[in-house]
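This is what each chain is made of:
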Amino acid sequence: MQIWVNGALRPAGEAQVSVFDHGLTVGDGVFETAKAVSGRAFALTRHLDRLARSARGLGLPEPDLDEVRAACDAVLDANPMELGRLRITFTGGLSPLGSDRGDESATLVVALGEAQRPAESAAVITVPWVRNERGALSGLKTTSYGENVVALAKAHEQDASEALFANTAGRLCEGTGTNVFVVVDGELHTPPLASGCLAGITRALTVEWTGARETDLPMEVLRTADEVFLTSSLRDVQAVHRVDDRDLTSAPGPVTAKALRMFQERAADDIDP
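Residues numbered from 1 in each chain as written. Predicted model: local features only at pLDDT ≥ 70, side-chain atom pairs only at ≥ 80, totals over all residues. Heavy atoms only, no water.

## Concerning the environment of T190
Phase 1 of the analysis: For T190, the location among the structural elements is in strand β11 (residues 187-190).
Phase 2 of the analysis: Taking the relative accessible area as the measure of exposure, T190 reaches 0% and is therefore buried.
Phase 3 of the analysis: Setting aside chain neighbours within four positions, we find T190 in contact with V180, F181, R203, V207, R213, E214, T215 and L217. (Helix = DSSP H or I, 4+ residues; strand = E, 2+ residues; numbered from the N terminus. Buried < 20%, exposed > 50% of the residue type's maximum accessible area, 1.4 Å probe, protein only. Contact = heavy atoms within 4.5 Å.)

Written out as structure tokens, the structure is:
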């Protein structure tokens, strides 16, 4: 496996960053995960644009997107596989211990790992912890992922593959690595970005291609919605067959099935929509 680290491809055993990298010591970094299909990254331009937005929001220097794209191409060419998870990580680089940033250049790492095709449907749980829609990192895809690690472990304890959060106002927000959609009275809804959810790439495409409405939703909608599904770069559109102890026995329902079919067809037509 060849991994890009700060300007060059390196064998996995030699791909290293300093223990003083700010992304490691305090989570001062941003990242993107893109689906790679037969050596090509899906929606890479959207992912790079979001990487730059997240970097600006965190106060990191602007990443050179031409360099990042070249690094992605090099990693994809060096590691051929049918379906992969392409991970782009951009951090504050070498810094003193503590929260202050140093004067060194940012760190760029691009890695690729094999991915499995998602199951047709998923079980999810709701968790008691909340997203802070007014926090400094709201809507940014940063490497400060501890909350997600804890919530996802809780989901696995309950034989689920995702955990869903409310925000501080008790409104439906997002999952640890997904956006969530619900069908109510035949209409498709997803929480607005003002809820504090990440501006997911697959979420945005699903909204564009299906006409889903961005709606401020109570968390309780998960108890009554006709259908629920998740979106993410590696799940695409994935039906939910259980929320906590509520079974949705017809998953995927007709609206979910249509959204998945539409997403697959449009994605097949354009690798970089």
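## Brief notes about helix α7 (residues 254-269)
Phase 1 of the analysis: Over its 16 residues, α7 extends 23 Å from the first C-alpha to the last, a length consistent with the 22 Å expected when each residue adds 1.5 Å.
Phase 2 of the analysis: The set of residues buried in α7 consists of T256, A259, F263 and A267. Down the axis of α7, the sector holding all buried residues measures 60°, keeping them to one side. Residues of α7 that are exposed and point more than 90 degrees away from the buried face comprise P254, A268 and D269.
Phase 3 of the analysis: Where α7 is buried, its residues contact α5 (201-210), β13 (227-232) and β14 (236-243). (Expected span 1.5 Å × (residues − 1). Arc of directions from axis to C-beta.)

## What to know about the pattern of salt bridges
Phase 1 of the analysis: Across all of its chains, the model carries 11 salt bridges by this definition.
Phase 2 of the analysis: Between R56 and E62 there is a salt bridge, with its nearest N and O atoms 3.0 Å apart.
Phase 3 of the analysis: A residue is classified by how much of its surface remains accessible, and R56, at 48% relative accessible area, is partly exposed.
Phase 4 of the analysis: Salt bridges sharing common partners tie together R131, E147 and E174. (Salt bridge = Lys/Arg side-chain N within 4 Å of Asp/Glu carboxyl O.)

## Description of a nonpolar patch on the surface
Phase 1 of the analysis: A surface patch of nonpolar side chains, about 530 Å² in accessible area, is lined by V19, F20, L24, L94 and L97.
Phase 2 of the analysis: With respect to the secondary-structure elements, L24 resides in helix α1 (residues 22-25). (Patch = residues over 30% accessible without salt bridge, like charges linked within 9 Å, V, L, I, M, F, W, Y side chains within 5 Å. Areas by Shrake-Rupley, 256 points an atom, 1.4 Å probe, with all protein chains shown as cover.)

## What about α5?
Phase 1 of the analysis: With 7 of 10 residues buried, α5 lies mostly within the body of the structure.
Phase 2 of the analysis: When we look at burial in α5, the residues that qualify are I201, T202, R203, L205, T206, V207 and W209.
Phase 3 of the analysis: Downstream of α5 by a residue or two, G211 has a phi angle that is positive, lying close to 75°.

## Re the sheet that holds strand β6 (residues 107-114)
Phase 1 of the analysis: With antiparallel pairing, the 6 strands of this open sheet are ordered in space as β2-β1-β6-β5-β3-β4. Single-partner strands in this sheet number two, and they are β2 (8-11) and β4 (40-41).
Phase 2 of the analysis: Looking at chain direction, strand β1 (residues 2-5) and β2 are connected through 4 bridges and run antiparallel. Counted as the bridge partner of V5 is A8 from β2.
Phase 3 of the analysis: Running at roughly 30° to β6, helix α3 (residues 65-78) makes contact with β1, β2, β3 (29-37), β4, β5 (83-91) and β6 of the sheet. (Pairing = 2+ DSSP bridges. Axes fitted to C-alpha atoms, helices over the stretch in contact; angles between N-to-C directions.)

## A word on the packing of helix α2 (residues 44-58) against α3
Phase 1 of the analysis: Running from N to C, α2 and α3 point in directions that differ by 135°, and their axes come no closer than 11 Å. The orientation of α2 with respect to α3, classified from their angle, is oblique. As for the relative orientation of α2 and α3, their crossing is right-handed in sense. Every residue of α3 that contacts α2 at L44, T45, L48, D49, L51 and A52 is listed here: L65, V68, R69 and C72.
Phase 2 of the analysis: Along the lines of polarity and charge, the residues of the contact of α2 with α3 split into 7 nonpolar, 1 polar and 2 charged. (Parallel < 35°, antiparallel > 145°, perpendicular 65-115°, else oblique. Left-handed = near helix turned anticlockwise from the far one by under 90°. Nonpolar A, V, L, I, M, F, W, Y, C, P; charged D, E, K, R; others polar.)

Distances and angles like these do not, on their own, reveal function.
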